[in-house]
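Residue-level structure breakdown
Residue strings, one per chain:
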Amino acid sequence: MRLSFHARDASRLLSIVSRTNMDTHEKYMREALREASFAASEDEVPIGAVIVCRGRIVGKGHNMTEKLNDPTAHAEMIAITAATEALGGKYLNDCTLYVTVEPCPMCAGALAWSQIGEVVYGAADPKRGFSTFSPSLMHPKTKIIAGVLAEECGGIVSDFFKNKRS
């Protein structure tokens, strides 16, 4: 069972995502994990994101805060920029973001401004994730699905920080 809710639903209703949808979600989350691996190889916090529109990846990104010396260069922000450029407009209503870790409040705000249709994330971020602060940061029509490949998504980040400490 995965957590699925609209941003406006404070109760975060649990729902069962159909197997077909789960296969699709897992397929694109694996693409986001690939982006996270690119980030790790560049000594960035390994978070990856892809944006899919009508079955096609239109934007990809991974954390680039160190490389660009820019604290706003999160995976989601890079993917949003790539997707809006590819689609030729600022709204992503018909798109789904797949991101390995729950978006932070900054990224949730950008996703709200883009009016993204759906956000699917892997690992929860109880310290800095948007839902810790306010689930209403997302656009009210945005559907949220949490926990897709959560162990893999969380593991790559945990391993990164364990290696940093050793």
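As a starting point, this report considers the structure included with it. (Residues numbered from 1 in each chain as written. Predicted model: local features only at pLDDT ≥ 70, side-chain atom pairs only at ≥ 80, totals over all residues. Heavy atoms only, no water.)

With that settled, the discussion passes to the pattern of salt bridges. All told, the structure shown has 4 salt bridges when counted by the stated rule. The partner of K164 in a salt bridge is D43, and the shortest N-O contact between them spans 2.8 Å. Separated by 121 residues along the polypeptide, K164 in helix α6 (residues 150–165) and D43 in the loop between α1 (19–41) and β3 (48–53) bring together distant segments of the chain. Given a relative accessible area of 43%, D43 falls into the partly exposed group. In this structure, the salt-bridge partner of R54 is D94, at a minimum N-O distance of 2.7 Å. (Salt bridge = Lys/Arg side-chain N within 4 Å of Asp/Glu carboxyl O. Helix = DSSP H or I, 4+ residues; strand = E, 2+ residues; numbered from the N terminus. Buried < 20%, exposed > 50% of the residue type's maximum accessible area, 1.4 Å probe, protein only.)

The calculated volume of the largest pocket comes to roughly 570 Å³. Lining the largest pocket are 20 residues, and of these V45, I47, D125, R128 and F161 sit closest to its centre. Residue contributions to the lining of the largest pocket peak at 3 residues, all from α6. Considering only residue class, the lining of the largest pocket consists of 11 nonpolar, 4 polar and 5 charged. (1 Å grid on protein atoms, 1.4 Å probe; cavity = no way out; pocket = protein on both sides within 12 Å on 5 of 7 lines; lining within 4 Å. Points joined across faces, edges and corners; volume = space filled by probe spheres on them. Nonpolar A, V, L, I, M, F, W, Y, C, P; charged D, E, K, R; others polar.)

Time to look at helix α3 (residues 75–87). Its 13 residues give α3 an end-to-end C-alpha distance of 18 Å, which sits within 8% of 18 Å, the value for a rise of 1.5 Å per residue. Tucked into the core, α3 has its buried residues touching β3, β4 (56–62), β5 (95–101) and α4 (105–114). Backbone geometry just after α3 places G88 at a positive phi near 75 degrees. (Expected span 1.5 Å × (residues − 1). Contact = heavy atoms within 4.5 Å.)

Let's shift gears to the packing of α3 against α4. At a closest axis distance of 9 Å, the pairing of α3 and α4 adopts a crossing angle of 20 degrees. Judged by the angle between their axes, α3 and α4 are roughly parallel. Considering only the axes of α3 and α4, their crossing is left-handed. From α3, E76, M77 and I80 reach across to α4, where they touch M106, C107, A110 and L111. Among the residues forming the contact of α3 with α4, the class breakdown is 6 nonpolar, no polar and 1 charged. (Axes fitted to C-alpha atoms, helices over the stretch in contact; angles between N-to-C directions. Parallel < 35°, antiparallel > 145°, perpendicular 65-115°, else oblique. Left-handed = near helix turned anticlockwise from the far one by under 90°.)

Moving on, we come to the pairing of β4. Both β3 and β4 contribute to a ladder of 6 bridges, which runs antiparallel. Paired with A49 across the strands is G61, a residue of β4. Two successive antiparallel strands, β3 and β4, enclose a turn made up of 2 residues, where R54 displays a positive phi of approximately 50 degrees. (Pairing = 2+ DSSP bridges.)

Before going further, it helps to examine the nonpolar core. In this structure, M29, I51, L97, I116 and V119 are the most contacted members of the largest nonpolar core, which totals 41 residues. For this core, the element with the most residues is α1, which contributes 6 residues. With sequence-adjacent residues up to four places away left out, V119 is seen in contact with L97, P103, L111, M138, T142, K143, I144 and I145. (Core = buried A, V, L, I, M, F, W, Y, C linked by side-chain atoms within 4.5 Å.)

Looking now at unusual backbone geometry. Its identity is not glycine, yet D43 carries a phi of approximately 60 degrees, on the positive side. Residue Q115 is not a glycine yet carries a positive backbone phi of 55 degrees. Of note, Q115 is situated in the loop between α4 and β6 (118–123).

Purely geometric numbers; function is a separate question.
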